[in-house]
Amino acid sequence: MKKFFIIICLLIFTFIVGCKKNSESDDVEKFSNLTLKFAYYNEGKLLEFDTIIYENEAGNKYLVNEIQYFISDVILHKSNGENILIDEWKDIHYIDTDILSTQTWKIPDKLTPGNYNSISFTFGISEAKNHSLMFLNPPERDMFWPEYLGGGYHYMKLNGKWLSDENTINPFDFHLGIGQIYHSYPDSITGFIQNYFEVNLPSSSFELIENQTKEIEISMNIENWFRNPNIYDHDVYGGDIMQNQEAMNLACENGHNVFTIKIIN
Amino acid sequence: MKKFILFSLAFSLLLIITFCNKEKITEIVHQPTPYEIEIPFGFPTVLNIPDDNPMTVEGVELGRFLFYDGRVSGRSHPDSLMSCSTCHKQENSFECGINNPDFPGGFTHGIAGKPTPHVMLPLINLVWNHSGYLWNGFISNENPKEDYRNIEDLVWMGIIAEHEMFSDTVRAKNLIQNTSGYPELFLKAFGSETITVKNISKAIAQFIRTLISANSKFDRYMRGEEQLSPSELNGFVLFTTEEGADCFHCHGGYGNPLFTTNLFYNNGKDSSFTGEYEDFRDRFHISGDPMDYGAYKATTLRNIELTGPYMHDGRFATLDEVIEFYSHHLIWSPYINPLMHHIANNGVQLTPNEKIDLKAFIQTLRDDDFLTNPKFSKPEFFPDGMK
C-alpha cells in the first residue's frame, strides 16, 4: 500500500511539473527597464509644424513639415567603464514625426540597476551596417538612399520651407546620408564619404533603480542644425543637398550639438 | 505491480498531454488550400491581408470568375452586363486604357453614363499597400467605419456606386446564387453554398491580391539577370538623383521596387486648391491636414506607359506630357509638398536627351508577363459553362 501511495504522489508530481510552462530559474535577478522617447524643440520650445514662425542664425525664416531619421548603436556607459549596447537585435531605430509609435522605443533589455555616466549613439547608420535592401517594409524602406549616390539609407530627412531672398516660400529637403566625390559634377562619381557621426549626449548621467522603468527623452534641438559651429544658410545651399558634400558636411558638424536629453522619470 | 507502474506512468502522460494542450480540436467542415504569396526580390514582406479573409486557392479561383462575370452587377441581359473587368483590363495593367472605345480618352463612367469622379487606378501589387486605397486613401485601416477599410469593401461599393455598376447587392447575390456552378465553388472556398455579398467581396479581393508584377526589365536588372541600355541606365540615374529628375522620393527605385510609396503629395499641378477649386475627394478631405490640399497618391510607375491618361483628373494624355510637366511647368502654391523643391526653377529642367533617357527608364518598368499572365486573364468559361 505504501508503494501505491508513493506512486500516486509521483503521478501528481509529474503532472504538475509537466504542465508548468517554461521553468524559470529561481534565482531572482535584479534589473531595470529603459524607455527612450523622442521629441523636437526649437529655441527651447516644442516644435510647431507647418507654420513659418522660425528664423535661423543665417536669418532664413522657415517652417518644418516633417522629420524622419535613424539612430543606431545606442550605448549606455557605466561608471565602471562597461559599455552596454542596447537592443542588440534591433540596433537601428527609426523615428518619424508623423508616426507616433516610432517616438517611443521600449528597450527590451534587462539592465543592471546602478549609475550610468552617459549615453551615446550613432546619428544615421554606420558604414558596416548601412546596407541596401535591409529594410523592405515601410516606413523605413522609404528612407532608401539611391545606389548611384552610395546606397543604403538616408540618415535623416528634415523637410521644410523657407522664405528665400527672392521673397518666395521655397521647399528645402535637408537630407543627410552618404556623400559623393565627383570628378565632374554631377556625373562621374569617384568615391563616397560616410557622413554618419557619433553623438555623445551632454550631461546624460542617470541612475537605474531596481524594478523600475526609466524614461529618457532624446530631444532634437532644430535650431542647432543651422547654427553651431557652422551657420547654414538656405539661400546658399538651396532646396536639396544629397549631392552636395560641402553642405552635408557642415550639417553633420552641427549635428554634434543638436541632441540633448531630458530625464522624464 | 510493474504493470501498474507502467500504467500509471502512461496515464499521467496522457493527462499531461490532454490538459496541457490548449488548442481545441474543432470539427473540420471544409478545408480550402492555403494560397502562398511568394515575396519577389526586394519586395516588402508584410502583406495587407485581413485576418478574416485568408488567401486560399479556392477563393482566388472563385474570385477570378466573379471579377470577370458581368452578372455580379445583378443583371443578366447581355447589353447591361458590367463586371470589374469592364473597366479594369489586364492588357492595360487593369486600367481601361486610353484607346478604349467604350471609354474615350480613358475616362470611365458607370453603366448609366455617370462619370467616375477620378480616372482609373491600376490593380497591381495592391497587397503591399498599407496606407489606403483610391486616389485619396479613403479605404484604409484608419477609416473609422468598418466597411471602408480594404479591397473587400471596394467590391460592394462598386456594385452599388452610380458611377460604376449602379445595382444593388441583393440582386447581385441572388443572381449568382441562381447561376449553376457558383454555389459549389462558394462551398469549396467558404464552406457554404449560401452566397453572401461578403463572400463575393472576399473572393474578388483574394483574386486582386494575387495580381503581382515583379518581372519587368528593371526587376531582371535588379536581380542581375539583364543589363539596361546606356540610355535606360542614364534614365535610372536621373530618376534617382536630386540633381537629375528627382522622382525617387515619391515613386521609389532600387530600394523600393513597388515604384510608389503609396503616400500622398501635392505635386504642383495648380495654384489653387480651395474655395471654388476645392476637390472634395483630395487627401485633405480624408486627413484633415491643411498641407494635404490637392494631394493625391503617388501612383506606381510600373506599366505606366499603358495607364494613361495621367494624374487623378487625367489631365495629361501621354508620358511625354508628364515629363514636360515635371521638367518645366510646376506651379507653386502654399500646399506644394516640400519634396518638390525644384519648384524654385519651375521644374527639374531636363534637356531633350535627358527626357528621352528618363522615358526609356520608365518604360523598363513595363512587365509583359503581368500583362499576359494566363492566371490573371478572363476564364474561358464561367462556372455554368457560359462564355
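The rules behind these values
Residues numbered from 1 in each chain as written. Chains lettered and ligands numbered in written order. Predicted model: local features only at pLDDT ≥ 70, side-chain atom pairs only at ≥ 80, totals over all residues. Heavy atoms only, no water. Helix = DSSP H or I, 4+ residues; strand = E, 2+ residues; numbered from the N terminus. Buried < 20%, exposed > 50% of the residue type's maximum accessible area, 1.4 Å probe, protein only. Contact = heavy atoms within 4.5 Å. 1 Å grid on protein atoms, 1.4 Å probe; cavity = no way out; pocket = protein on both sides within 12 Å on 5 of 7 lines; lining within 4 Å. Points joined across faces, edges and corners; volume = space filled by probe spheres on them. Nonpolar A, V, L, I, M, F, W, Y, C, P; charged D, E, K, R; others polar. Domains from an automatic or database assignment. Buried area = accessible area lost by both parts, 1.4 Å probe. Salt bridge = Lys/Arg side-chain N within 4 Å of Asp/Glu carboxyl O. Axes fitted to C-alpha atoms, helices over the stretch in contact; angles between N-to-C directions. Parallel < 35°, antiparallel > 145°, perpendicular 65-115°, else oblique. Core = buried A, V, L, I, M, F, W, Y, C linked by side-chain atoms within 4.5 Å. Expected span 1.5 Å × (residues − 1).

1. Looking at the overall build of chain B
Part 1: In terms of regular secondary structure, chain B is built from 14 helices and two strands.
Part 2: Its C-alpha atoms put chain B at 95 × 60 × 45 Å along the principal axes.
Part 3: Counting the 387 residues in chain B, one finds 53% classified as buried.
Part 4: Of the contacts made within chain B by residues no fewer than 6 positions apart, 66% connect residues no fewer than 24 positions apart.

2. Description of the overall build of chain A
Part 1: Helices and strands together make up the secondary structure of chain A, namely three helices and 16 strands.
Part 2: Relative to its 265 residues, chain A shows a buried fraction of 50%.
Part 3: Within chain A, contacts between residues at least 6 apart in sequence are counted, and of these 70% link residues at least 24 apart.

3. Overview of empty space enclosed by the protein
Residues and elements named next belong to chain B.
Part 1: Applying the stated criterion to the full structure yields three cavities of 30 Å³ or more.
Part 2: Looking at the largest cavity, its volume works out to about 670 Å³.
Part 3: Residue lining of the largest cavity: 42 residues in total, with His251, Asn267, Leu301, Met311 and Tyr326 positioned closest to the centre.
Part 4: Secondary structure elements with two or more residues in the lining of the largest cavity: α10 (248-251), β2 (296-297), α12 (319-328) and α13 (352-363).
Part 5: At four residues, the largest contribution of residues to the lining of the largest cavity is made by α12.
Part 6: Among the residues forming the lining of the largest cavity, the class breakdown is 28 nonpolar, nine polar and five charged.
Part 7: Looking at the lining of the largest cavity, you find at least three residues from each of domain 1 (57-212) and domain 2 (217-367).

4. Focus on the domain arrangement of chain B
Residues and elements named next belong to chain B.
Part 1: Here the domain parsing of chain B yields domain 1 (57-212) and domain 2 (217-367).
Part 2: With 26 residues of domain 1 at the interface, the matching set in domain 2 holds 25 residues.
Part 3: Between domain 1 and domain 2, the buried area comes to about 2100 Å², and carbon and sulfur atoms account for 60% of it.
Part 4: It is His118, Trp135 and Asn136 that lose the most area in domain 1 upon contact with domain 2, and together they represent 29% of the buried surface on that side.
Part 5: Where domain 1 touches domain 2, the interface holds zero salt bridges.
Part 6: Taken together, the residues of the side of domain 1 that touches domain 2 break down into twelve nonpolar, twelve polar and two charged.

5. A short note on the packing of helix α9 (residues 230-239) of chain B against α13 of chain B
Residues and elements named next belong to chain B.
Part 1: Contact geometry of α9 with α13 gives a least axis separation of 7 Å together with a crossing angle of 95 degrees. The angle between α9 and α13 falls in the class roughly perpendicular. Mapping the contact onto sequence places Ser231, Glu232, Asn234, Gly235, Phe236, Leu238 and Phe239 in α9 and Glu354, Ile356, Asp357, Leu358, Ala360 and Phe361 in α13.
Part 2: Of the residues assigned to the contact of α9 with α13, the class counts are seven nonpolar, three polar and three charged.

6. Topic: the nonpolar core
Part 1: Among the nonpolar cores identified, the biggest contains 66 residues, and Tyr69, Phe123, Phe174, Leu176, Trp225 and Phe259 of chain A are the most heavily contacted of them.
Part 2: Tallying contributions element by element places strand β4 (residues 61-78) of chain A first for this core, with eight residues.
Part 3: Core analysis: the second largest hydrophobic core is formed by 53 residues, Ile37, Met120, Met165 and Ala172 of chain B among them.

7. Considerations on the environment of glycine 97 of chain B
Residue and element names in this part refer to chain B.
Part 1: With respect to the helices, strands and loops of the structure, glycine 97 is situated in the loop between α3 (84-87) and α4 (151-160).
Part 2: The exposure class of glycine 97 is buried, given its relative accessible area of 4%.
Part 3: Separated by 25 residues in the primary sequence, glycine 97 and proline 122 have C-alpha atoms spaced 10 Å apart.
Part 4: Setting aside its immediate chain neighbours within four residues, glycine 97 contacts Asn92, Phe103, Gly106, Leu306 and Gly308.

8. Comments concerning α13 of chain B
Residue and element names in this part refer to chain B.
Part 1: Taking 1.5 Å of rise per residue, twelve residues should cover 16 Å, and α13 covers 17 Å from first to last C-alpha, within 8% of that figure.
Part 2: Restricting attention to buried positions, one finds in α13 the residues Lys355, Asp357, Leu358, Ala360, Phe361 and Ile362.
Part 3: Those residues of α13 that are buried are in contact with α8 (217-222), α9 and α12.

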